[in-house]
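Inside the fold
For reference, the chains in residue letters:
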Amino acid sequence: MQKSNHQTLLFLGIILISINLRTSIASVGPLIPFIREDLGISNGLAGFLTTLSLLTFAIFSLFAPSLGKKFGHSKAIFFGIVLLALGVVLRVLGGIELLYLGTALTGIGIVTANVLMIPFFKARMPEKIGLLTAILSTGMSLFAAIASGISVPLAVDLGWGWRGSLVSWVSLMALALLVWIPQLKPHASSVQRDIFQGKNVWKSKLAWEVTLFMGAQSVMYFTMITWLPDMLISRGMTPVNAGIALSYMQLISLIGTFFAPNLLIRLKEQSGVILAVGLGYFIGYAALFIHHEVITFIALTVIGIGSGASLSIAYTLISLRTAEDLTTAKLSGMVQSAGYILAALGPLVFGISLDLFGNWDILIWFLLIMTVQFLAFGMPAGRDRKI
């Protein structure tokens, strides 16, 4: 009974951690028009909010494996959520400076927990990697969708403003910290596995393929959640409906997010699944050229399912392409460092191009180009090899 209760708390803790890893970013996109108007900033500076989070992902993911090795994965994950909560509060307390500083802290907190969750799974419950990865990815995607959908209603309908809307998510972070406390005790399997030093992933061609695949899918996801609402508003949608459209895209992504990991671990190679997802991206993005609301939602359906599957594929490949836990942690850190450096460019580059040219079609062409990278590196990363 005690073991059963402990496992229940573990699963609940994983769910609560996962639902906090995207809300602080996904809630920003629909609120950009309000933030831009209140603080008097340009599209480029507004887009930099997402870019800043991704830059902190890129930089501090390099340190997460060392933190996990020194303090243990569970304690480092706890520390990451504490930083995330502090950042969420700080960014609404003042002007643009505190907004950027708090956003940077949220990025550091997210990436610390994000990098270490996968090696935590492999160390604690290696026989359930597929299920735990599905829970992680689904929790992230589900609450990203919820955050996108209710950010504007919280700000407008409840009168909380963009600041109140953004800070409201700290209550879920506090709950996650409370439930995670039992995991802070040392665990025998984690200690035993620390004897492995891991391999140098930075010299591995396979590691770079997984990383650049992650980069491509991250560019597409973060650029879409940052700018899709604004694009739809420019086509005549209300801010509330644009937020709902973004929320819908992320809700439909749960289909790909939940089912992909368990499918992938049953396959000897994952390249076929990656090819199918890539072709879906091409169809979905191309359909966005058509300014028709029904076609837009059909396109977002295809893109959403692909986006959910892509995240799960990237996380699952980190586990499948490594043998030891520490190598898994190192690859996870590399993937979220170099990968997010690429992802950081997406929202910023498009925001600047929008200021210069005022043409939303550039967004679609940019996403189509990233789909080519998605396939170019994803296909070889999906082959049956280990680092």
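The shown structure was predicted, so the numbers you read here are calculated from the model rather than taken from an experiment.

**Description of the overall build of the chain**
Along the backbone of the chain there are 17 helices and 0 strands. The globule rule puts the C-alpha radius of gyration for 387 residues at 21 Å, and the 20 Å found for the chain is close to it. Dimensions of the chain, computed from the C-alpha atoms along their principal axes, are close to 55 × 45 × 35 Å. Counting over 387 residues, the chain shows a buried share of 59%. For the chain, the share of sequence-separated contacts (at least 6 apart) that also reach a separation of at least 24 residues comes to 86%. Accessible surface computed for the chain: about 14,600 Å², of which carbon and sulfur atoms make up 71%.

**Some remarks on the layout of surface pockets**
By volume, the second largest pocket is sized at about 160 Å³. Along the wall of the second largest pocket there are 13 residues; nearest its centre are Leu62, Pro65, Ser66, Trp202 and Lys330. Elements with a contribution of two residues or more to the lining of the second largest pocket: α5 (64–71) and α16 (325–357). Sort the elements by how many residues they give to the lining of the second largest pocket and α16 lands first, with 4 residues.

**As for the nonpolar core**
Membership of the largest hydrophobic core comes to 102 residues, with the highest contact counts inside it found for Phe222, Met224, Tyr285, Ile313 and Phe374. It is helix α12 (residues 205–234) that contributes the most residues to this core, 16 residues altogether. In this structure, this core is formed jointly by two domains, domain 1 (1–183) and domain 2 (202–382), each of which donates at least three residues. Contacts of Tyr285, omitting those with residues within four sequence positions, involve Met220, Met224, Ile303, Ile364, Leu367, Leu368 and Thr371. Counting 16 residues, the second-largest nonpolar core is a separate cluster that includes Leu31, Ala46, Leu99 and Trp162.

**A few points about the packing of aromatic side chains**
For the structure shown, the criterion picks out 15 aromatic pairs. Here Trp202 and Trp208 contribute two aromatic rings whose centre-to-centre distance is 5.7 Å and whose plane-to-plane angle is 70 degrees, an arrangement assigned as edge-to-face. Its relative accessible area of 38% is what places Trp202 among the partly exposed residues. Summarising the aromatic geometry, the rings of Tyr281 and Phe374 are spaced 5.3 Å apart at their centres and angled 85 degrees between planes, so their arrangement reads as edge-to-face.

**Notes on the domain arrangement of the chain**
Segmenting the chain into domains produces domain 1 (1–183) and domain 2 (202–382). Listed per partner, the contact involves 47 residues of domain 1 and 50 residues of domain 2. The junction of domain 1 with domain 2 conceals about 4,000 Å² of combined surface from both sides, 69% of it contributed by carbon and sulfur atoms. Contact with domain 2 buries surface across domain 1, with Arg22, Ile118 and Lys122 losing the most and accounting together for 15% of the total. Inspection of the domain 1/domain 2 interface yields 1 salt bridge. For the interface between domain 1 and domain 2, the tally reads 11 residue pairs in polar contact (both at pLDDT 80 or more). Among the elements of the structure, α2 (23–26), α3 (32–39), α4 (43–60), α5, α7 (96–124) and α8 (129–156) are those that each provide at least two residues to the side of domain 1 that touches domain 2. With 17 residues, α8 is the largest single contributor of residues to the side of domain 1 that touches domain 2. Looking at the side of domain 1 that touches domain 2 residue by residue, the classes come out as 27 nonpolar, 16 polar and 4 charged.

**Description of the packing of α4 against α7**
It is the contact of α4 with α7, at a shortest axis distance of 8 Å, that shows an interaxial angle of 40 degrees. Considering only the axes of α4 and α7, their crossing is right-handed. For the pair formed by α4 and α7, the contact residues are Leu45, Phe48, Leu49, Leu52, Ser53, Thr56, Phe57 and Phe60 on the first element and Leu99, Tyr100, Thr103, Ala104, Thr106, Gly107, Ile108, Ile110 and Val111 on the second. Here the residues of the contact of α4 with α7 sort into 12 nonpolar, 5 polar and no charged.

**Considerations on the pattern of salt bridges**
If you walk through the whole model with that rule in mind, you get 3 salt bridges. With its nearest N and O atoms 3.1 Å apart, the salt bridge here joins Arg36 to Asp230. Of the two residues, Arg36 is situated in helix α3 and Asp230 in helix α12; the sequence distance between them amounts to 194 residues. The partly exposed category is assigned to Arg36, whose relative accessible area is 22%. The residue Arg163 makes a salt bridge to Asp38 at a minimum N-O spacing of 3.5 Å.

**Describing the environment of Lys69**
Summarising the element assignment, Lys69 is placed in helix α5. For Lys69, a relative accessible area of 37% translates into the label partly exposed. For Lys69 and Glu127, which are 58 residues apart along the polypeptide, the C-alpha to C-alpha distance reads 21 Å.

**Description of the packing of α8 against helix α13 (residues 239–264)**
The N-to-C vectors of α8 and α13 enclose an angle of 175 degrees; their axes lie 7 Å apart at closest approach. Classed by the angle they form, the pair α8 and α13 counts as roughly antiparallel.

**What to know about the side chain of Thr296**
Along the chain, the position of Thr296 falls in helix α15 (residues 293–320). For Thr296, the residues in contact, after removing those within four places along its chain, are Leu232, Arg235, Leu288 and Ile290.

**Some thoughts on a nonpolar patch on the surface**
The grouping of Ile59, Phe60, Leu62, Phe63, Trp202 and Trp208 at the surface amounts to a nonpolar patch, some 560 Å² of accessible area in total. Here Phe60 is to be found in helix α4. Accessibility expressed as a relative area gives 30% for Phe60, which makes it partly exposed.

Thresholds, definitions, all that
Residues numbered from 1 in each chain as written. Predicted model: local features only at pLDDT ≥ 70, side-chain atom pairs only at ≥ 80, totals over all residues. Heavy atoms only, no water. Helix = DSSP H or I, 4+ residues; strand = E, 2+ residues; numbered from the N terminus. Rg over C-alpha atoms; globule rule 2.2 N^0.38 Å. Buried < 20%, exposed > 50% of the residue type's maximum accessible area, 1.4 Å probe, protein only. Contact = heavy atoms within 4.5 Å. Areas by Shrake-Rupley, 256 points an atom, 1.4 Å probe, with all protein chains shown as cover. 1 Å grid on protein atoms, 1.4 Å probe; cavity = no way out; pocket = protein on both sides within 12 Å on 5 of 7 lines; lining within 4 Å. Points joined across faces, edges and corners; volume = space filled by probe spheres on them. Core = buried A, V, L, I, M, F, W, Y, C linked by side-chain atoms within 4.5 Å. Domains from an automatic or database assignment. Phe/Tyr/Trp six-rings, centres within 6.5 Å; stacked < 30°, edge-to-face > 60°. Buried area = accessible area lost by both parts, 1.4 Å probe. Salt bridge = Lys/Arg side-chain N within 4 Å of Asp/Glu carboxyl O. Polar contact = N/O pair within 3.5 Å; in protein donor to acceptor, adjacent residues only side chain to side chain. Nonpolar A, V, L, I, M, F, W, Y, C, P; charged D, E, K, R; others polar. Axes fitted to C-alpha atoms, helices over the stretch in contact; angles between N-to-C directions. Left-handed = near helix turned anticlockwise from the far one by under 90°. Parallel < 35°, antiparallel > 145°, perpendicular 65-115°, else oblique. Patch = residues over 30% accessible without salt bridge, like charges linked within 9 Å, V, L, I, M, F, W, Y side chains within 5 Å.

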